[in-house]
Amino acid sequence: PAREWISVELPYLLAEHLLENAGTDPVARWLQQGEVWVAPMVNPDGHEFTRTANRLWRKNRRRNPGGSVGVDPNRNYGYMWGVLDISTSSHVPSDETYVGPRAFSEPEVRAVRDLVARQLFDGVLSYHSYSQLVLFPWGYTAEPIEDDADRTEMRTLAERMQALIRSVHGETYTAQQASQLYPTAGDTTDWTYGEFGVPSFTVELRPATALEGGFLLPAAQIEPCWEENRPAALEFVRHVLEGPES
């Protein structure tokens, strides 16, 4: 969502880290084994609107019939799109979480769809804010992932990432199924796991609560937020390219 500024900064910093360390292990070894793609901005018009008009705007800037504006891109992906009609996945165009008129109706979401389909990624890590969580599918249902191996792999990796984050500055991020935060249908990681069967995670970044700033994270916290998330992000890359630790 457009207002989650820290979720744009983290991918940029990850890309910078990978570039600066591309000539030394383990990054050099990983880049011999595969590719790491970073897409730091997938809602550019919504993000620009938060800079110029409404800091807490969530959606993109599609003009909807009836005069309202915006679709929530993270409710517009095709896997189980539209199966919920609740406050967190709404079919009402004026609502913050409007799912859109149909799956993949939004150009931003189609761009991600086409990139994933073309590159066939072996894992997807998505950043959002706030709540300090490491989330794995499903979001659309409280039922757990049916495949035992997949469920164990993602829960184990989420807990490993949680521990790595905490080891830096002592911040607690909770590893849990996405629907435990709240149910959503049509989000990125349900789609990448549901359609492609790859490890898919959403990290909800700092802060933990609205009282601590919510979406308005002070700039001074960008660097510590990146510092604590760096080892978890690198562990995700390592896991995807090299497999589980023996």
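Coordinates for the structure precede this section.
First things first, this report covers the structure right here in the doc. All figures in this text were calculated on a predicted structure; none of them were measured in a lab.

**Structural notes on the overall build of the chain**
Of regular secondary structure, the chain possesses seven helices and four strands. In sequence order, the secondary structure elements of the chain are arranged as α-α-α-α-β-β-α-β-α-β-α. Against the 2.2 N^0.38 benchmark of 18 Å for 246 residues, the chain shows a C-alpha radius of gyration of 17 Å, consistent with a compact globule. The C-alpha extent of the chain, read off along each of the three principal axes, is 55 × 40 × 30 Å.

**Examining helix α6 (residues 188–196)**
Inspection of α6 places Thr 188, Thr 189, Asp 190, Trp 191, Thr 192 and Tyr 193 among the buried residues, and these make up the whole buried set. Residues of α6 that are buried sit in contact with α4 (107–119), β1 (124–129), α5 (148–169) and β4 (200–205). The first or second residue beyond α6 is Gly 197, which carries a positive phi of 70°.

**Side note on the pattern of salt bridges**
Applying the stated rule across the entire model yields 11 salt bridges. With its nearest N and O atoms 2.6 Å apart, the salt bridge here joins Glu 242 to Arg 29. One end of the pair, Glu 242, is in helix α7 (residues 222–242); the other, Arg 29, is in helix α2 (residues 27–33), with 213 residues separating them in the sequence. Here the salt bridges share partners, and the residues they tie into one network are Arg 29, Glu 235, Arg 238 and Glu 242.

**Some words on the packing of α5 against α7**
Where α5 contacts α7, the two axes come as close as 8 Å, and the packing angle between them is 150°. Here α5 lies roughly antiparallel to α7, going by the angle between them. Between α5 and α7 lies a crossing whose hand is right-handed. Of α7, the residues touching α5 (which contributes Glu 153, Leu 157, Arg 160, Met 161, Leu 164, Ile 165, Val 168 and His 169) are Pro 224, Glu 227, Glu 228, Asn 229, Pro 231, Ala 232, Glu 235, Phe 236 and His 239. Residue classes in the contact of α5 with α7 are distributed as nine nonpolar, three polar and five charged.

**Let's talk about the sheet that holds β1**
As a general point, the strands of a sheet are linked pairwise by backbone hydrogen bonds and lie either parallel or antiparallel. Spatially, four strands are ordered β1-β4-β2-β3 in an open sheet, and the strand pairing comes out mixed. Two strands in the sheet have a free side with no partner beyond their single neighbour: β1 and β3 (174–177). Between one strand axis and the next, the sheet turns by 25° as a mean value, whatever way the strands run. Examined bridge by bridge, β1 and β4 share six bridges and lie parallel to one another. Within β4, the position partnered with Ser 129 by the bridge is Leu 205. Against the sheet, helix α1 (residues 6–20) touches β1 and β4, its axis set at about 140° to β1. Packing of α5 onto the sheet brings it into contact with β1, β2 (133–136), β3 and β4, and relative to β2 it is tilted by some 170°.

**Section: the packing of aromatic side chains**
What characterises a pair of aromatic rings is the spacing of the ring centres plus the angle enclosed by the ring planes. The tally for this structure, following the rule as stated, stands at 12 aromatic pairs. On the basis of an interplanar angle of 75° and a centroid distance of 5.4 Å, the ring pair of Phe 49 and Trp 57 is categorised as edge-to-face. Judged by centre distance (5.0 Å) and plane angle (75°), the ring pair of Tyr 130 and Phe 215 falls under edge-to-face. With Tyr 130 in the loop between β1 and β2 and Phe 215 in the loop between β4 and α7, this residue pair connects regions lying 85 residues apart in the sequence. Linked through ring pairs, Tyr 77, Phe 104, Trp 191 and Phe 196 together constitute an aromatic cluster. The cationic tip of Arg 61 hangs over the ring face of Trp 57; the distance from NZ or CZ to the ring centre is 4.8 Å.

**Some words on the environment of Asp 95**
In this structure, Asp 95 sits in the loop between α3 (44–52) and α4. Residue class for Asp 95 comes out partly exposed when judged on its relative accessible area of 31%. Spatially, the C-alpha atoms of Asp 95 and Gly 214 are 20 Å apart, while their sequence positions differ by 119 residues. For Asp 95, the residues in contact, after removing those within four places along its chain, are Lys 59 and Ser 90.

**Here we look at the nonpolar core**
Counting 41 residues, the largest nonpolar core has Leu 10, Val 134, Met 161, Tyr 173, Trp 191, Phe 201 and Leu 205 as the members making the most contacts within it. No other element matches α7, which puts seven residues into this core. Excluding residues within four positions of it along the chain, Val 134 makes contact with Ala 158, Met 161, Gln 162, Ile 165, Tyr 173, Thr 174, Ala 175, Gln 176, Phe 201 and Thr 202.

**What about the environment of Leu 135?**
Positionally, Leu 135 belongs in strand β2. In the structure, Leu 135 is positioned 105 residues away from Val 240 in sequence and 17 Å away in space, judged by C-alpha atoms. Here Leu 135 is in contact with Gln 176, Gln 177, Ala 178, Leu 181, Ser 200, Phe 201, Thr 202 and Glu 204, once residues within four sequence places are set aside.

Cut-offs used in this document
Residues numbered from 1 in each chain as written. Predicted model: local features only at pLDDT ≥ 70, side-chain atom pairs only at ≥ 80, totals over all residues. Heavy atoms only, no water. Helix = DSSP H or I, 4+ residues; strand = E, 2+ residues; numbered from the N terminus. Rg over C-alpha atoms; globule rule 2.2 N^0.38 Å. Buried < 20%, exposed > 50% of the residue type's maximum accessible area, 1.4 Å probe, protein only. Contact = heavy atoms within 4.5 Å. Salt bridge = Lys/Arg side-chain N within 4 Å of Asp/Glu carboxyl O. Axes fitted to C-alpha atoms, helices over the stretch in contact; angles between N-to-C directions. Parallel < 35°, antiparallel > 145°, perpendicular 65-115°, else oblique. Left-handed = near helix turned anticlockwise from the far one by under 90°. Nonpolar A, V, L, I, M, F, W, Y, C, P; charged D, E, K, R; others polar. Pairing = 2+ DSSP bridges. Phe/Tyr/Trp six-rings, centres within 6.5 Å; stacked < 30°, edge-to-face > 60°. Lys NZ or Arg CZ within 6 Å of the ring centre and 35° of its normal. Core = buried A, V, L, I, M, F, W, Y, C linked by side-chain atoms within 4.5 Å.

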